[in-house]
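As a plain string of letters, each chain reads:
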Amino acid sequence: MRVYNFSAGPAVLPEEVLQEAAAEMLDYQGSGMSVMEMSHRSKVYDKIIKEAEADLRELMQIPDNYKVLFLQGGASSQFAMIPMNLMKNKVADYIVTGQWAKKAYQEAAIYGKANKIASSEDKTFSYIPDCSDLPISEDADYVYICENNTIYGTKFKTLPNTKGKTLVADVSSCFLSEPVDVSKYGLIYGGVQKNIGPAGVVIVIIREDLITEDVLAGTPTMFRYKIHADNESLYNTPPAYGIYICGKVFKWLKKQGGLEAMKEYNEKKAKILYDYLDESSLFKGTVRKEDRSLMNVPFVTGSEELDAEFVKEAAAAGLVNLKGHRSVGGMRASIYNAMPIEGVEKLVAFMKEFEQNHTEA
Ligand SMILES: *Cc1c(COP(=O)(O)O)cnc(C)c1O
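Since the model is a prediction, treat every value here as computed from it, not as a measurement.

**Q** I'd like to hear about the overall build of the protein, residue by residue, with values.
**A** Across its full length, the protein carries nine helices and 14 strands. Taken over the C-alpha trace, the protein has a radius of gyration of 21 Å; the compact-globule value for 361 residues is 21 Å, and the two agree within 12%. Seen through its C-alpha atoms, the protein measures out along the principal axes to roughly 70 × 60 × 30 Å. When each of the 361 residues of the protein is scored for burial, the buried share is 55%. For the protein, contacts bridging at least 24 residues in sequence account for 69% of all contacts bridging at least 6. Of the roughly 15900 Å² of accessible surface on the protein, 49% is carried by carbon and sulfur atoms. The distance from the centre of the 41 positive side-chain charges to the centre of the 49 negative ones in the protein is 2 Å.

This is the structure we're talking about:
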């Protein structure tokens, strides 16, 4: 039996995609083998990776002067790869809105001067700071953000004013959840296990002029964007099966109507949950309203015991992985693209019932 899986990542995937992959497991389209077993240099696989890229380009309307790279090492390896490749002046500005941004900032500090130009740590990262007029460093190579903060449930609704500097964004947990204007960024990247596919793949979308030989001395070959760009993500064996599943999810997204349609659907889903949180006398959202994420929704009862009881009872009812991140406690419902609206409706119905049972009449 399938459950409603509210995990922050690895997370729910479209059932249709899983079924297709299952049907193709032993014999991929007459090749006589699984995608896991085939050469990444074969004709069959070449079609898989090329189509995946073409579909992603179509979905996000990626301009021609951007490269799409399918890499590995997760989002966290990019925390180092970005400064190693982009810090020409050895200076970068970081906006720290959560643990992931903080980790990226700390990693960049190993390779150059990383400036924390804004932070929301003073209020447990429950909001996005005003980024309209930040002290951007004159010689900054880029300005870095984590666009959707998976752990805290905040999202940048407007991009920071970088005063002409290159914007770099970690979009791991909001990848393909709504349309984006790629041309506003120098580099967009994300681990795919939140909203796209299996863990192990990280997708990097990078403007061509940022891909150069001029990288930090000692940068390993595998950590150079140029190597992967020149070899169309096939410098070495890529995470081939993971890319194949990503490709299937891209096709599924196109079938749903693309990113405009996903945005509408995601807004509808999130509204059901946020509307209830706003009227409930037991459950409270933890994020400043205007900064609420469509993807990750943290909430609390105010009592640790009750939180634990809720997580336990919800799991027994087939609503699983609702425990909040260990650094915030409480609950978190991750309602990515592949979470059907019925899942959110069931969750809210269950919360209402729980509220009734746990508040005095
Ligand atoms: C999960 C997550 C990461 C870390 O991803 P890994 O693939 O495990 O390295 C980084 N950034 C964000 C926003 C995330 O949600």
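**Q** Hey, could you go over the sheet that holds strand β14 (residues 331–334) for me, with residue numbers and the actual values?
**A** The sheet built from three strands is open, its strands ordered β11-β12-β14 with antiparallel pairing. Of all strands in the sheet, those with a lone pairing partner are β11 (284–285) and β14, marking the two edges. Bridging between β11 and strand β12 (residues 296–300) involves two bridges; their strand directions are antiparallel. Bridging from a neighbouring strand, Gly285 pairs with Phe299 of β12.

**Q** Give me the lowdown on the packing of helix α2 (residues 43–60) against helix α6 (residues 240–256), citing residues and values where you can.
**A** A pair of packed helices can be characterised by two numbers: the angle between their axes and the separation between those axes. At a closest axis distance of 9 Å, the pairing of α2 and α6 adopts a crossing angle of 40°. Considering their axes alone, α2 and α6 lie oblique with respect to each other. Of the two elements, α2 crosses α6, and the hand of that crossing is left-handed. Here α2 contributes Tyr45, Ile48, Ile49, Glu51, Ala52, Asp55, Leu56, Glu58 and Leu59 to the contact with α6, which in turn contributes Ala240, Ile243, Tyr244, Gly247, Phe250, Lys251, Leu253 and Lys254.

**Q** Before we move on, can you summarise the pattern of salt bridges with the specific residues and values?
**A** If the charged atoms of two oppositely charged side chains come close together, the side chains can form a pair. The full count for this structure, using the stated rule, is 23 salt bridges. As a salt-bridge pair, Glu51 and Lys251 come within 3.0 Å of each other at their nearest N and O atoms. Of this pair, Glu51 sits in helix α2 while Lys251 sits in helix α6, and the two are 200 residues apart along the sequence. For Arg207, the salt bridge is made with Asp209, and the minimal N-O distance between the two is 2.6 Å.

**Q** If you had to explain unusual backbone geometry to someone new, which residues and values would you point to?
**A** With an omega of -10°, the peptide bond running from Gly9 to Pro10 counts as cis. Mapped onto the elements, Pro10 comes out in the loop between β1 (4–5) and α1 (15–23). Positive phi, close to 65°, is recorded for Asn321, a residue that is not glycine. If you trace the backbone, Asn321 turns up in the loop between β13 (319–320) and β14. For Asn321, a relative accessible area of 46% puts it in the partly exposed group.

**Q** Could you give an account of the site of the ligand, with specific residues and numbers?
**A** In the region of the ligand, the neighbouring residues are Gly74, Ala75, Ser76, Phe79, Trp100, Cys146, Asn148, Thr150, Asp170, Ser172, Gln193 and Lys194. In the model, an oxygen atom of the ligand is placed 2.6 Å from a nitrogen or oxygen of the Ser76 side chain. One of the side-chain N or O atoms of Thr150 is found 2.4 Å from an oxygen atom in the ligand. When isolated, the ligand has an accessible area of 390 Å², and the protein chains bury 86% of it.

The rules behind these values
- Residues numbered from 1 in each chain as written.
- Predicted model: local features only at pLDDT ≥ 70, side-chain atom pairs only at ≥ 80, totals over all residues.
- Heavy atoms only, no water.
- Helix = DSSP H or I, 4+ residues; strand = E, 2+ residues; numbered from the N terminus.
- Rg over C-alpha atoms; globule rule 2.2 N^0.38 Å.
- Buried < 20%, exposed > 50% of the residue type's maximum accessible area, 1.4 Å probe, protein only.
- Contact = heavy atoms within 4.5 Å.
- Areas by Shrake-Rupley, 256 points an atom, 1.4 Å probe, with all protein chains shown as cover.
- Lys, Arg positive; Asp, Glu negative; His and termini not counted.
- Charge placed at Lys NZ, Arg CZ, Asp CG, Glu CD.
- Pairing = 2+ DSSP bridges.
- Axes fitted to C-alpha atoms, helices over the stretch in contact; angles between N-to-C directions.
- Parallel < 35°, antiparallel > 145°, perpendicular 65-115°, else oblique.
- Left-handed = near helix turned anticlockwise from the far one by under 90°.
- Salt bridge = Lys/Arg side-chain N within 4 Å of Asp/Glu carboxyl O.
- Near = heavy atom within 4 Å.
- Polar contact = N/O pair within 3.5 Å; in protein donor to acceptor, adjacent residues only side chain to side chain.

Remember that the coordinates give geometry; whether it matters functionally is a separate question.
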